[in-house]
Amino acid sequence: AQTVTQSQPEMSVQEAETVTLSCTYDTSESDYYLFWYKQPPSRQMILVIRQEAYKQQNATENRFSVNFQKAAKSFSLKISDSQLGDAAMYFCAYLTYNQGGKLIFGQGTELSVKP
Amino acid sequence: DTEVTQTPKHLVMGMTNKKSLKCEQHMGHRAMYWYKQKAKKPPELMFVYSYEKLSINESVPSRFSPECPNSSLLNLHLHALQPEDSALYLCASSPQLAGSYNEQFFGPGTRLTVL
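The subject of this paragraph is the nonpolar core. One finds A:Tyr25, A:Trp36, A:Phe75, A:Leu77 and A:Tyr90 to be the most contacted residues of the largest nonpolar core, which totals 25 residues. When neighbours within four sequence positions are excluded, A:Leu77 is seen to be in contact with A:Val19, A:Thr20, A:Leu21, A:Trp36, A:Val48, A:Ile49, A:Phe64, A:Ser65, A:Val66 and A:Tyr90. Counting 23 residues, the second-largest nonpolar core is a separate cluster that includes B:Phe47, B:Phe64, B:Leu78 and B:Val114.

Once that is clear, we can look at the pairing of strand β6 (residues 53-57) of chain B. One ladder, built from four bridges, connects strand β5 (residues 44-50) of chain B with β6(B); its direction is antiparallel. Bridging from a neighbouring strand, B:Tyr49 pairs with B:Leu54 of β6(B).

On the side of chain B, 27 residues touch chain A, which itself brings 22 residues to the contact. Here chain A packs against chain B, burying approximately 2,000 Å² in sum over the two surfaces, 50% of which is carbon and sulfur. Linking chain A to chain B there are two salt bridges. The partner of A:Glu110 in a salt bridge is B:Lys40, and the shortest N-O contact between them spans 2.9 Å. At the level of elements, β5 (32-39), β6 (46-52) and β10 (88-96) of chain A are the ones that each hand at least two residues to the side of chain A that touches chain B. Considering each element in turn, the side of chain A that touches chain B owes the most residues, four residues, to β5(A). In terms of residue class, the side of chain A that touches chain B is made up of eleven nonpolar, seven polar and four charged.

Right, let's get into the side chain of B:His29. Residues and elements named next belong to chain B. Residue position: His29 is located in the loop between β3 (18-25) and β4 (31-37). At 3.4 Å, the side chain of His29 and the backbone nitrogen of Ser94 are in polar contact. Ignoring any residue separated from it by four or fewer positions in sequence, one finds His29 in contact with Ser71, Ser93, Ser94, Pro95 and Phe105.

Reading guide: rules and limits
- Residues numbered from 1 in each chain as written.
- Chains lettered and ligands numbered in written order.
- Predicted model: local features only at pLDDT ≥ 70, side-chain atom pairs only at ≥ 80, totals over all residues.
- Heavy atoms only, no water.
- Core = buried A, V, L, I, M, F, W, Y, C linked by side-chain atoms within 4.5 Å.
- Buried < 20%, exposed > 50% of the residue type's maximum accessible area, 1.4 Å probe, protein only.
- Contact = heavy atoms within 4.5 Å.
- Pairing = 2+ DSSP bridges.
- Helix = DSSP H or I, 4+ residues; strand = E, 2+ residues; numbered from the N terminus.
- Buried area = accessible area lost by both parts, 1.4 Å probe.
- Salt bridge = Lys/Arg side-chain N within 4 Å of Asp/Glu carboxyl O.
- Nonpolar A, V, L, I, M, F, W, Y, C, P; charged D, E, K, R; others polar.
- Polar contact = N/O pair within 3.5 Å; in protein donor to acceptor, adjacent residues only side chain to side chain.

That is the geometry; function is a separate question.
This is the structure:
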């Protein structure tokens, strides 16, 4: 069975600085997708970034980028120029290509941003 | 329309009550999901519907009864709940269950309190 591990329950970053959130996963599959979701205190879960396992190029979305290391089964999220609105719970999630529907989440990292 | 809506936002019910949660999307998605989320924990998958048919039931107690009347609407009927069922209930949808277009879009959730 696949597992997702986020080893940092809490992180803190100064506004305008850069922070990296860690995520590792365990799988024997070769085709899958990885996601980072953000859940602010308002509780709406928002997709931040997505990575297909077959793509070697790391995904980027504005200030958000990932470091995807397939062999190491690592999928970290880098937030550049942190803003107060980035404060939220961040969940790393794994989805198999063929097994429909079961999004496997890590335990989450709570990010606070200091002004 | 690129959102998933959920009603009500908050619900308080007694253990003998019957109530329903409603989820709607107009993105043409053919897969819909119910998740349960406790505070500061990741969402836990409850049910998955694909093309209006139940695809996954994660061994959820029968006091939770899902229904998918059409491709845009997903209900969760609640009966004889327990206080430990108090949680945030999230609905999500995705274009398909498997393959390339499987990104899940989440609704804002219903905060349920069982007295």
